[in-house]
Amino acid sequence: MGRPRGTDADHPRRHAARPRRRLTALATAAVFLAPAAGDAAPRVLSLDQCADQYVLALSPRDAVAGLSARADDADSNLRALARGLPRRRVDLESALAARPQVVVRYWGGEPRLVQALEARGVRVVTIGEAAGFADVRANVRRVAEALDERAAGEALVARMDARLARAADAWAGARALYLTPGGVTAGPGTLVDAILRAAGMTNAEARPGYRTVSLEDLALHPPKAVVLGFFDTFQLAGDSWGLGRHEVLQKVARERAVASLPGSMLGCPDWSAAEAAERLAAKAPRQ
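What you see is a predicted model; the values in this text were computed from it and never measured. (Residues numbered from 1 in each chain as written. Predicted model: local features only at pLDDT ≥ 70, side-chain atom pairs only at ≥ 80, totals over all residues. Heavy atoms only, no water.)

1. A look at the pattern of salt bridges
Under the counting rule described, the total for this entry stands at 15 salt bridges. Here Arg-163 makes a salt bridge to Glu-278, at a shortest N to O gap of 2.4 Å. Taken together, the residues Arg-163 in helix H7 (residues 150-167) and Glu-278 in helix H11 (residues 272-282) connect sequence positions 115 residues apart. Since its relative accessible area comes to 27%, Arg-163 is described here as partly exposed. Sharing partners across several salt bridges, the network here consists of Arg-123, Glu-145, Asp-148 and Arg-150. (Salt bridge = Lys/Arg side-chain N within 4 Å of Asp/Glu carboxyl O. Helix = DSSP H or I, 4+ residues; strand = E, 2+ residues; numbered from the N terminus. Buried < 20%, exposed > 50% of the residue type's maximum accessible area, 1.4 Å probe, protein only.)

2. Re the environment of Lys-251
Of note, Lys-251 is situated in helix H10 (residues 247-256). Owing to a relative accessible area of 43%, Lys-251 belongs among the partly exposed residues under this scheme. When the C-alpha positions of Lys-251 and Ala-219 are compared, they lie 9.0 Å apart, and in sequence the two are 32 residues distant.

3. Some thoughts on the side chain of Asp-193
With respect to the element layout, Asp-193 can be found in helix H8 (residues 191-198). Beyond its immediate chain neighbours, meaning those up to four positions away, Asp-193 contacts Gly-187, Pro-188 and Asn-203. (Contact = heavy atoms within 4.5 Å.)

4. Focus: the pairing of strand E3 (residues 102-105)
Remember that side chains alternate between the two faces of the sheet whenever the strand is regular. The two faces of E3 match: Val-102 and Val-104 on one face and Val-103 and Arg-105 on the other face are all buried. Summarising the sheet, E3 and strand E4 (residues 123-126) pair through 4 bridges and their orientation is parallel. Within the sheet, the bridge partner assigned to Arg-105 lies in E4 and is Thr-126. Assessed by its sense of winding, the connection that carries the chain from E3 through helix H5 (residues 111-119) to E4 is right-handed. (Pairing = 2+ DSSP bridges. Right-handed = clockwise from strand over helix to strand, strands pointing away.)

5. A word on the nonpolar core
Formed by 60 residues in total, the largest nonpolar core has its most connected members in Leu-67, Val-104, Phe-133, Val-143, Ile-195, Trp-271 and Leu-280. The contacts of Val-104, once residues within four sequence positions are left out, are Val-44, Leu-45, Ser-46, Leu-47, Ala-51, Val-55, Val-125, Ile-127 and Val-143. Among the nonpolar cores identified, the runner-up in size contains 12 residues, and Leu-177, Leu-215, Leu-228 and Phe-231 belong to it. (Core = buried A, V, L, I, M, F, W, Y, C linked by side-chain atoms within 4.5 Å.)

6. Section: H11
The buried fraction of H11 amounts to 8 of the 11 residues, a majority that puts the element mostly inside the structure. Taken together, the buried positions of H11 are occupied by Ser-272, Ala-273, Ala-274, Ala-276, Ala-277, Glu-278, Leu-280 and Ala-281.

7. A few points about the side chain of Ser-264
Relative to the helices and strands, Ser-264 resides in the loop between strand E10 (257-261) and H11. Residue Ser-264 is classed as buried on the basis of its relative accessible area of 14%. Apart from residues lying up to four places away in sequence, Ser-264 is in contact with Ala-74, Asp-75, Ser-76, Asn-77, Arg-79 and Ser-272.

8. Quick look at the packing of H7 against H11
Each pair of packed helices can be summarised by the angle the axes make with each other and by the distance between the axes. Relative to each other, H7 and H11 sit at 20°, their axes nearing to 8 Å. Looking at the two axes, H7 sits roughly parallel to H11. Classified by chirality, the crossing of H11 by H7 is left-handed. Packed against H7, whose contacting residues are Met-160, Arg-163, Leu-164, Arg-166 and Ala-167, the element H11 presents Ala-274, Glu-275, Ala-277, Glu-278 and Ala-281 at the interface. (Axes fitted to C-alpha atoms, helices over the stretch in contact; angles between N-to-C directions. Parallel < 35°, antiparallel > 145°, perpendicular 65-115°, else oblique. Left-handed = near helix turned anticlockwise from the far one by under 90°.)

9. Quick notes on the packing of aromatic side chains
The full count for this structure, using the stated rule, is 1 aromatic pair. Ring centres of Tyr-54 and Trp-271 lie 4.8 Å apart, and the angle between their planes is 80°; on these two criteria the pair is classed as edge-to-face. Of the two residues, Tyr-54 is situated in helix H2 (residues 49-58) and Trp-271 in the loop between E10 and H11; the sequence distance between them amounts to 217 residues. When sorted by exposure, Tyr-54 lands in the same class as Trp-271, which is buried. (Phe/Tyr/Trp six-rings, centres within 6.5 Å; stacked < 30°, edge-to-face > 60°.)

10. Points about the sheet that holds strand E9 (residues 226-229)
One open sheet accounts for 4 strands, arranged E7-E5-E9-E10; its pairing is parallel. What marks the edges here is a single partner per strand, and that holds for strand E7 (202-203) and E10. Of the strand pairs in this sheet, strand E5 (residues 175-179) and E7 are connected by 2 bridges, and their pairing is parallel. Within the sheet, the bridge partner assigned to Arg-175 lies in E7 and is Thr-202. Packed onto the sheet, H11 meets E9 and E10 and runs at close to 150° relative to E10.

These results come straight from atomic positions and should not be treated as a statement about function.
Next comes the structure, spelled out in structure tokens:
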């Protein structure tokens, strides 16, 4: 059945008003969702400390919708750039309140949060693990593309490669073991291994991945040289670095260390690893 004739719905002024209302609603939605200016960088939100480094290095400050709560911690390499920028909790309410167009993450944000953001049209970029500097280059380019900052990404890659060139072969193949306060070392397939090799070192750990060293082995067969990592953040009174309080590990670290690399250069799969390689190369004996 058709509508009864003569009803309010048939009034010509009502028909004319409907398109106007629809256009007004669409325009309002467009203003809310669109960037503030035609060429403005996308609003970006970071969900963890490693993502913070990428956002701080690549995004214009006025496009940063939020950083993680750890953005200015002592082990955040770009903590100075984080000052004055907003911090956000890692939950859907906070993320939506920030109105991001792009979200960058490494480990932050559970899968349900990521899915909820993507369902609302937010682009989520996940930083990949890095076993070497080729992986870091890929990460930089992926995030830079998402932020429409390709030139900045290439400039960052170029600076990283320049550091690697300066560090190359500094140690002329000298053998060393990487060691953290927790007694963890790193073998092939890790970014730490890539750092050692970039500075011209031979990694004393031949087994792949990260693993805990044996205190007995350290005592009976101490390495000729060790490269320390994260010792700048080590607190003897703390209990998170249990092995670091053991006298054997402390003795090896004290007597065999040829370099100590700060945690801010080691904790994330990013270009800071090249800075660590350059610092390690600077400790090499002069030829």
